[in-house]
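# Chains, contacts and geometry: an overview
Chain residues, written in single-letter form:
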Amino acid sequence: MRVLIVDDEQHVREAIGLLADWERHGITEIDQAADGEDAVALIEEKKPQIVMTDMRMPRKNGLELLTWLHAAKPDIKVLVISGYDDFEYVRHTIRSGGIDYILKPIDPEALNEALAKAVEASRLEEEKRRHMTNQNIEMNQMTPFFMDRLLSDLVNGYGSRDSVVAQLRNRLTLPETGMACSVAVLRDDQFDEALLSKFRNRRNLLSFTLINICNELFKDRGVAFRHIDKPGEIILLCWNPLLPFNDLLDRINDGFFSTLRRRGHFGTSEAGAFPQDLPKAYSTAVQALCSRNLLTGKCHIHRERAVESEGTRTLRLSSYEEKFKLAALSGSKKQIEAATEEWLQEVRERRLVSPEHLIRWNSEWDWIQYHWTENEVKNTQEPVEDAEISQDLPSALPYSAEGMICWDRWREQISGRLYAASRVLTQIHSKDSHIIHDIAQYLEQHYHNELSLQQIAGKFFLSREYISRKFKQEFGVTLSDFLGRIRIEKAKTLLLNPQIRIAQIAEMVGYQDEKYFSKVFKKMEGITPNEYRKKNMN
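Residues numbered from 1 in each chain as written. Predicted model: local features only at pLDDT ≥ 70, side-chain atom pairs only at ≥ 80, totals over all residues. Heavy atoms only, no water.

### Here we look at the overall build of the protein chain
Counting secondary structure elements, the protein chain contains 24 helices and eleven strands. A globule of 538 residues ought to have a C-alpha radius of gyration of about 24 Å, and the protein chain, at 26 Å, matches this closely. With the C-alpha coordinates aligned to their principal axes, the bounding extent of the protein chain is approximately 80 × 60 × 50 Å. Across the 538 residues that make up the protein chain, the buried fraction comes to 49%. Here the protein chain has roughly 26,400 Å² of accessible surface; of this, 49% comes from carbon and sulfur atoms. When the 73 positive and 81 negative side-chain charges of the protein chain are each reduced to one mean point, those points stand 6 Å apart. (Helix = DSSP H or I, 4+ residues; strand = E, 2+ residues; numbered from the N terminus. Rg over C-alpha atoms; globule rule 2.2 N^0.38 Å. Buried < 20%, exposed > 50% of the residue type's maximum accessible area, 1.4 Å probe, protein only. Areas by Shrake-Rupley, 256 points an atom, 1.4 Å probe, with all protein chains shown as cover. Lys, Arg positive; Asp, Glu negative; His and termini not counted. Charge placed at Lys NZ, Arg CZ, Asp CG, Glu CD.)

Following this line, the structure appears as structure tokens:
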């Protein structure tokens, strides 16, 4: 196992080297970097499993390194070793998936305890990845999942490259070793809400549609596939194309528009040698896509990472928290609209707003709303919702149909969050006034539609976690159980009519799968829908 130590002070790096019990943890390779820039280069070259980093460093600091690792190398386990007991640093570490935050001067016991956790987490993930691959090989090596797994490993640089390529060549046309291969990346979370709502909790169907269009145009000169470890991400590899790569991507976008009435945004990179340059090219394409400027231009193909102007102040939603909370507590439409507009105006004045910014601000919103409402539900254990209502596309970001910022939609989202927060923060202890009861009423009126927790959260501008916990607290059952009971009660009435087939009844009460409907019915009533029908008709 390999570890990278990142600190601008050499004596600190040497101290860590002496205090850590490397042998006990099974760590045999230890590299050092003086700042985040050097660290990125070493990570790309050496591929460590664990990174131990300081926070304040020249050039790329610890915050920037954590953000990059979280986006580009999420499998690497991170330990922060800092001389600053700063809440913002700790929160950023947690949000970026850090394992632990250790203060200087370094306590050897704390260091080795954190290192043990990181090693164990890395080992467990590797075992899980190996187990999943082996299990799918045994079940059916020809399944699309297995192919996507191999291709994902190839672009990630996982496992033995030669072994992965050899397995793929048995089932897929690939370029010769050393041949130029172009890479592009697109993500479903960069489409607008109107399109995403059409697929609701059928995310795989959207991916399948996009991949089919790509592969129709590639023929045997390329392949499009799902990134197994990143739901919603699609990777395109293309070699020896009949058209320049950008022209081919334009044709793919024409296919998207013909089918979905939308065009996608692609992150791309310079063509590299197959297969050795794929991981670096893939990482570059991801960065180009996630950093694209949402304020200017109509280009759908992005080749370089957009960089903010020197001296641009980092804009954090948390700096507006008090203004937002005051507006929510006021309950005043005027105050809520003013706070929303002040935030949007500051964003408008920036030269660069990227998908990375939107995702970060959306996460900050979730954290702020949870912080405001945690006292209401802190003693309630979070219920586990079943897969049918929990699986869904990600929360829609404020994109237009062209994939740029839609100011009206963003204004609606922020105002909606503040109105929802206003009701939660100022509610009278009357059940009729609680927003959770509005959600229950919505379920009773729309039980026949396909519903998901994410869709309901988006409609009522609350987090899924808050809705899930508060629903259990108010009604004593999970949201999915509540919805299931409504549907089954409606189905029992419809079953009294022998002219309606059970498959039709399932669809009428919101179940697309008759077998799943029968399973839920039997679980709640103790008998199958058919048995219930026969019993009550007699």
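### Comments concerning the pattern of salt bridges
Summed over all chains, the structure comprises 37 salt bridges. R2 is the salt-bridge partner of E29, the closest N and O atoms lying 3.8 Å from each other. Taken together, the residues E29 in strand β2 (residues 29–33) and R2 in strand β1 (residues 2–6) connect sequence positions 27 residues apart. Linking D21 and R24 is a salt bridge whose minimum nitrogen-to-oxygen distance equals 3.2 Å. Residue class for D21 comes out partly exposed when judged on its relative accessible area of 32%. The class of R24 is exposed, set by a relative accessible area of 54%. (Salt bridge = Lys/Arg side-chain N within 4 Å of Asp/Glu carboxyl O.)

### Focus on the nonpolar core
In terms of nonpolar packing, the biggest core is built from 36 residues, with I439, L443, I467, F471, L479 and F517 touching the most fellow members. Of all elements in the fold, only α17 (407–426), α18 (435–446), α19 (453–460), α20 (464–475), α21 (479–494), α22 (502–508) and α23 (514–525) reach the threshold of two or more residues within this core. Excluding its chain neighbours within four sequence positions, the residues that come into contact with F517 are I488, A491, I502, I505, A506, V509, Y511 and P529. L154, V223, L237 and W239 belong to the second largest nonpolar core, which has 26 residues in total. (Core = buried A, V, L, I, M, F, W, Y, C linked by side-chain atoms within 4.5 Å. Contact = heavy atoms within 4.5 Å.)

### Let's talk about the sheet that holds strand β4 (residues 77–82)
The strand order across the open sheet built from five strands is β2-β1-β3-β4-β5, with neighbouring strands paired in parallel fashion. The sheet is open, and its two edges are formed by β2 and β5 (100–103), each paired on a single side. The average angle at which neighbouring strand axes cross in this sheet is 20°, direction not considered. Here β4 runs beside β5; their pairing, made up of four bridges, is parallel. (Pairing = 2+ DSSP bridges. Axes fitted to C-alpha atoms, helices over the stretch in contact; angles between N-to-C directions.)

### Brief notes about the state of the cysteines
Tallied over the entire structure, the rule returns zero disulfides. Counting only cysteine sulfurs, C238 is the nearest neighbor of C181, a cysteine outside any disulfide, at a range of 7.3 Å. (Disulfide = S-S within 2.5 Å.)

### With respect to the side chain of K77
Looking at the element boundaries, K77 is found in strand β4. Classification of K77 as buried rests on a relative accessible area of 8%. The residues contacting K77, other than those within four sequence positions of it, are Q49, I50, V51, I99, A118, A121, S122 and E125.

### Quick notes on the packing of helix α3 (residues 36–46) against helix α4 (residues 62–72)
Relative orientation of the contacting elements α3 and α4 amounts to 25°, with a least axis distance of 9 Å. Relative to α4, α3 is oriented roughly parallel. In this structure, α3 meets α4 at a crossing whose hand is right-handed. Side by side, α3 and α4 meet where G36, A39, V40, I43 and E44 of the first sit next to L65, W68 and L69 of the second. Class assignment for the residues of the contact of α3 with α4 results in six nonpolar, one polar and one charged. (Parallel < 35°, antiparallel > 145°, perpendicular 65-115°, else oblique. Left-handed = near helix turned anticlockwise from the far one by under 90°. Nonpolar A, V, L, I, M, F, W, Y, C, P; charged D, E, K, R; others polar.)

### Quick notes on helix α7 (residues 144–156)
With 13 residues, α7 extends 18 Å between its outermost C-alpha atoms, agreeing within 8% with the 18 Å of an ideal straight helix rising 1.5 Å per residue. Counting buried positions along α7 yields eleven of 13 residues, so the element is predominantly enclosed. Once α7 finishes, G157 follows within two positions and takes phi at roughly 80°, a positive value. (Expected span 1.5 Å × (residues − 1).)

### Some thoughts on the environment of K534
Mapped onto the fold, K534 is located in helix α24 (residues 529–537). Given a relative accessible area of 52%, K534 falls into the exposed group. Linking K534 and G36, residues 498 residues apart in sequence, is a C-alpha distance of 70 Å.

### Examining unusual backbone geometry
Where the residue is not glycine, phi is negative for most of them; where a peptide bond is considered, it is trans in most cases. The omega angle of the peptide bond from K104 to P105 is -5°, so this bond is cis rather than trans. The residue P105 is located in the loop between β5 and α6 (108–140) in this model. That bond from F274 to P275 is cis: its omega, -5°, falls within 30 degrees of zero. The backbone of R261 shows a phi angle near 60°, a positive value even though the residue is not glycine. You can see R261 is positioned in the loop between α11 (245–260) and β9 (266–268).

### Quick word on the packing of aromatic side chains
Counting across every chain of the model gives 15 aromatic pairs. A centroid spacing of 5.1 Å and a plane angle of 75° characterise the contact between F471 and F482, whose relative ring orientation is edge-to-face. You can see F471 sitting in helix α20 and its partner F482 sitting in helix α21, a full eleven residues away along the chain. In this structure, F471 and F482 share a single accessibility class: buried. Look at Y511 and Y516: their rings are 6.0 Å apart centre to centre, the planes differ by 55°, and that puts the pair in the tilted class. Looking at Y511, the relative accessible area reads 3%, which means it is buried. For Y516, a relative accessible area of 27% translates into the label partly exposed. Three or more aromatic residues link up through ring pairs in this structure, and these residues are Y320, F324, W343, W361, W365, W407 and W410. (Phe/Tyr/Trp six-rings, centres within 6.5 Å; stacked < 30°, edge-to-face > 60°.)

### Points about the layout of surface pockets
What the second largest pocket holds in volume is close to 1,100 Å³. If you go around the second largest pocket, you meet 38 residues; those closest to its centre are D75, E126, R129, D153 and Y158. For the lining of the second largest pocket, the secondary-structure elements that each account for two or more residues are α6, α7, α8 (161–169) and α12 (278–290). Of the residues forming the lining of the second largest pocket, the biggest block, nine residues, is contributed by α6. Counted by class, the lining of the second largest pocket contains 15 nonpolar, eleven polar and twelve charged residues. (1 Å grid on protein atoms, 1.4 Å probe; cavity = no way out; pocket = protein on both sides within 12 Å on 5 of 7 lines; lining within 4 Å. Points joined across faces, edges and corners; volume = space filled by probe spheres on them.)

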